[in-house]
Each structure stands twice: as structure tokens, then as C-alpha cells.
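Chain residues, written in single-letter form:
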Amino acid sequence: MKYRVLGSSGLIVSPICLGTMTFGEPVPEADAIKLVHGAMGMGINFIDTANVYEGYRRFLGSPGGTAETIVGKALKGRRDQVVLATKVGAPVGPGPQDRGLSASHILREIDRSLQRLQTDYVDLYIIHWPDKHVPLETTMAALDQIVRQGKARYFGVSNHTAAQLCEILWLAERNGWPPVVSSQIPFSLLRREFHHDLSFCKRHAIGVTPYQPLQGGLLTGKYQRGQVPPRDSRAAEKPEWVWEMDDALFDRLEGIEALAAEVEIPPAQYALAWAMSQPAMTSLVVGAKQLQQVQDAVAASERTLPADHMARLDQVCPPPWQQPDPVRG
Ligand SMILES: NC(=O)c1ccc[n+]([C@@H]2O[C@H](COP(=O)([O-])OP(=O)(O)OC[C@H]3O[C@@H](n4cnc5c(N)ncnc54)[C@H](OP(=O)(O)O)[C@@H]3O)[C@@H](O)[C@H]2O)c1
């Protein structure tokens, strides 16, 4: 496995990061623990969780904690073998202090996360979503405190644009706060709205760790036009978590699958190999229900797609807009 450096942190991570959003349901605790151990056995050393994750049972404002608790159990005696990331900011209760990026919420939640994870530090503490109600300085001062206390080694962000990252870098430099080292954005062949932010991340040593690179399973080839979803798939079990499958979507999926068939690469591996080849990509945050799916992701991290496929994929799934180049045409 070719390990990579996560942004400016110096942390060495596997190109696949194990996502834990489905821990609890549909992946029961015992299976989830086996999944973590199996993934580690394949060389995966990067685990992504969040204070809110509790599998399919999650609803807006539910307390979360399930996935962190399971990860804590799985890492007992193995904590030092992994780079552990968790997140804060999404609602974990009904009250106004139960969400967001205020100092009081963040400082409370890091302690709760550490307790559930049975550790005294996380390697990466990620702010889950921007919070327009809290000044960024307040959030960053709280993160600085957490890093100084040794409760987190580094901090990263999720669902932030390049403009927001730029402000964070600028504030950090001005105030002597730790820099942001990673950006977790939604990114897949079907979802490229952050595509043009990747070069910004590359220039500023921010490691990109995209989530849903398989678009929740849509890019695995398991869903076919005119057919009901397979019984144990996410679309059958939790349709709210999968995009509506219309003809326009199947047109794109069939275009991608035809290209994957040309080079005899299974669709899931093909989609992951494409994502991995994009600028600043460090580690793909992949969800899995079975060990075989983790194996697929690991196999994908060792594949390279032919150069002409990149351009042909841009035809099937274009980036959001093309930057005009008045100098070089
Ligand atoms: N920062 C954020 O806001 C945010 C948001 C969402 C997710 N995340 C993170 O990203 C992780 C991944 O998200 P995700 O699970 O929704 O996306 P994903 O990795 O695109 O999809 C994973 C799902 O696809 C199916 N799958 C995976 N590999 C497969 C294979 N080789 N063949 C067939 N099916 C396969 C499995 O579902 P089935 O077998 O059930 O069909 C699996 O649970 C989460 O666990 C979480 O850590 C972060």
C-alpha cells in the first residue's frame, strides 16, 4: 500500500480511510469491529468517524455517539496503530447549544468524543460544517486550545469551500493558531462541485479526504436501469440516503460502466481509481458493509486509469464549469 502524507501534518495515512457512518445499523457492533480489524489487517491505518454517527437510526438532533463507541471498542489495545479522525458541529440534541461551532459546544464535545473513543487524543479533529452564526475566530481559538491541551494533534474541516479555507489559513497565520491540514468534501464522478477547489488545496498543503467517492454505492454497478435495487443494498434498506435514480443518472452510470468494462476494471474500483488520481487527493473516505468492499477499495488504490479515460470521463461527467484561459487558449 502506498501511504501518503496528510497535508502539512506529517501524518502518514493509507490511501483508503475507513468511514464509520453505518456503524450500529446496518453494520451491527460485532461486524463493525471485525470490519475495523480486517481493514487494519489490509494496511488501512486511517479511520473517520463523527460525534453524530449512529447509522441508519440517525435523525436530525438525535444524540449520536454509536459509531465512536464502537470504534473505541475496536481500537482497544491498537489505538497507536491508527490515525483517528472525528468531527464536531452537527446537531446532537434539540437545544441551541447542542450544535454548531461555538467554543462551549466544541469544548464539551471533544471530551465526550474522547470518552467514547476510549482515548486521550484524536489525530485529527474535523469541523463538520461551517457555522455562519459563530465568528470563525471563536471556533479557531477553541480548536487552538484543544490542540494545545493535546486532545487533538491537528484540525481539519469538512464541507468548506476554498474561500472558507483561505480565511481559515489567513486567520491561523495572523494569530499563531494551528493551520488546517485536511479538507473532507463530497466528491465523486457524479459530484464534482468542489472540483476547482482541489488545486487550491494542493497549493496550500491541505490534504483532501473526500467522502462518498462511490456516491453511496451508486458507482458500484449494483443498480441497473429498470431493475429493483438488490435486497441488501443501501437503496433497498435506506432509500433516503441514496439519490433518486432517474434516466439522466442511469445515462451517466452506463457511460462510466462502459468505460470501466473497456479496461476490465470493476465499476467500484474504476470510480475510486479516478477519484484517487485527482489533485491533492490523499485518502478516500469509503463506507463498507462487508470486508469484500474494503478489499475492493484497497485494490482500487493500486490502479491507474489510462490517460485517455480521464478526458472521456470528463465528457460523461463534466466538471462544474471550465475555466476560460485567455492566455493559453
Ligand atoms: N463529512 C461529511 O459531511 C460526511 C458525509 C457523509 C459521509 N461521510 C463519511 O464518508 C464515509 C463514506 O460515506 P458513504 O458510506 O455514504 O459513501 P460511499 O463510500 O460512497 O458508499 C459506501 C456504500 O457503498 C456500498 N459499497 C461500498 N463498496 C462497495 C463495493 N465494492 N461493491 C458494492 N457496494 C459497495 C456499501 O453500501 P451497501 O452495500 O449497503 O449498498 C457502502 O456502505 C462515511 O462512513 C463517513 O465516514 C462524511
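Small disclaimer: the values here were computed from a predicted structure and weren't measured.

Reading the values: rules and limits
- Residues numbered from 1 in each chain as written.
- Predicted model: local features only at pLDDT ≥ 70, side-chain atom pairs only at ≥ 80, totals over all residues.
- Pairing = 2+ DSSP bridges.
- Helix = DSSP H or I, 4+ residues; strand = E, 2+ residues; numbered from the N terminus.
- Contact = placed C-beta atoms within 7 Å.
- Axes fitted to C-alpha atoms, helices over the stretch in contact; angles between N-to-C directions.
- Parallel < 35°, antiparallel > 145°, perpendicular 65-115°, else oblique.
- Nonpolar A, V, L, I, M, F, W, Y, C, P; charged D, E, K, R; others polar.
- Expected span 1.5 Å × (residues − 1).
- Buried ≥ 20, exposed ≤ 12 C-beta atoms within 10 Å, placed from the backbone.
- Arc of directions from axis to C-beta.
- Left-handed = near helix turned anticlockwise from the far one by under 90°.

Considerations on the sheet that holds strand E10 (residues 284-286)
Strand pairing in a sheet relies on backbone hydrogen bonds, with the paired strands running either antiparallel or parallel. Pairing within the open sheet is parallel, and its eight strands lie in the order E9-E8-E7-E6-E5-E4-E3-E10. The open sheet has two edge strands with one neighbour each: strand E9 (207-208) and E10. Pairing of strand E3 (residues 16-19) with strand E4 (residues 46-48), which is carried by two bridges, proceeds in the parallel orientation. From the neighbouring strand, Leu18 faces E4, where its bridge partner is Ile47. Packed on one face of the sheet, helix H5 (residues 162-175) meets strand E7 (152-158) and strand E8 (180-184) and runs near 165° to E8.

Thoughts on the environment of Ala273
By the secondary structure assignment, Ala273 is in helix H9 (residues 267-276). Taking the C-alpha atoms as reference points, Ala273 and Tyr56, separated by 217 residues in sequence, lie 28 Å from one another. Apart from residues no more than four positions distant in its own chain, Ala273 is found in contact with Ala300, Arg303, Thr304 and Leu305.

A closer look at the environment of Thr138
By the element assignment, Thr138 lies in helix H4 (residues 136-148). Those residues in contact with Thr138 that sit more than four places away from it in its chain are Ser102 and Ala103.

Notes on the packing of helix H8 (residues 247-262) against H9
With their axes 9 Å apart at the nearest point, H8 and H9 run at an angle of 95° to one another. As judged from the angle between their axes, H8 and H9 are roughly perpendicular. Taking contact as the criterion, the partners of Ile256, Glu257 and Ala260 in H8 are, on H9, Pro267, Tyr270 and Ala271. Residues of the contact of H8 with H9, tallied by class, amount to five nonpolar, no polar and one charged.

Description of helix H3 (residues 103-117)
The terminal C-alpha atoms of H3, which comprises 15 residues, lie 21 Å apart, in line with the 21 Å expected from a rise of 1.5 Å per residue. Looking at H3, one finds that the buried residues are His105, Ile106, Glu109, Ile110, Ser113, Arg116 and Leu117. For H3, the buried positions fall inside an angular range of 135° around the axis, keeping them on one side. More than 90 degrees from the buried face of H3, the exposed residues found are Ser104 and Asp111. Lining the buried residues of H3 we find helix H2 (66-74), strand E5 (83-88), strand E6 (122-127), H4 and E7.

Overview of the packing of H4 against H5
Two packed helices can be described by the angle between their axes and the distance between those axes. It is at 11 Å that the axes of H4 and H5 come closest, and there the two elements cross at 60°. What the angle tells us is that H4 and H5 run oblique. For the pair H4 and H5, the crossing hand works out as right-handed. Of the residues in H5, those touching H4 at Leu136, Glu137 and Met140 are Glu167, Ile168, Leu171 and Ala172. By residue class, the composition of the contact of H4 with H5 is five nonpolar, no polar and two charged.

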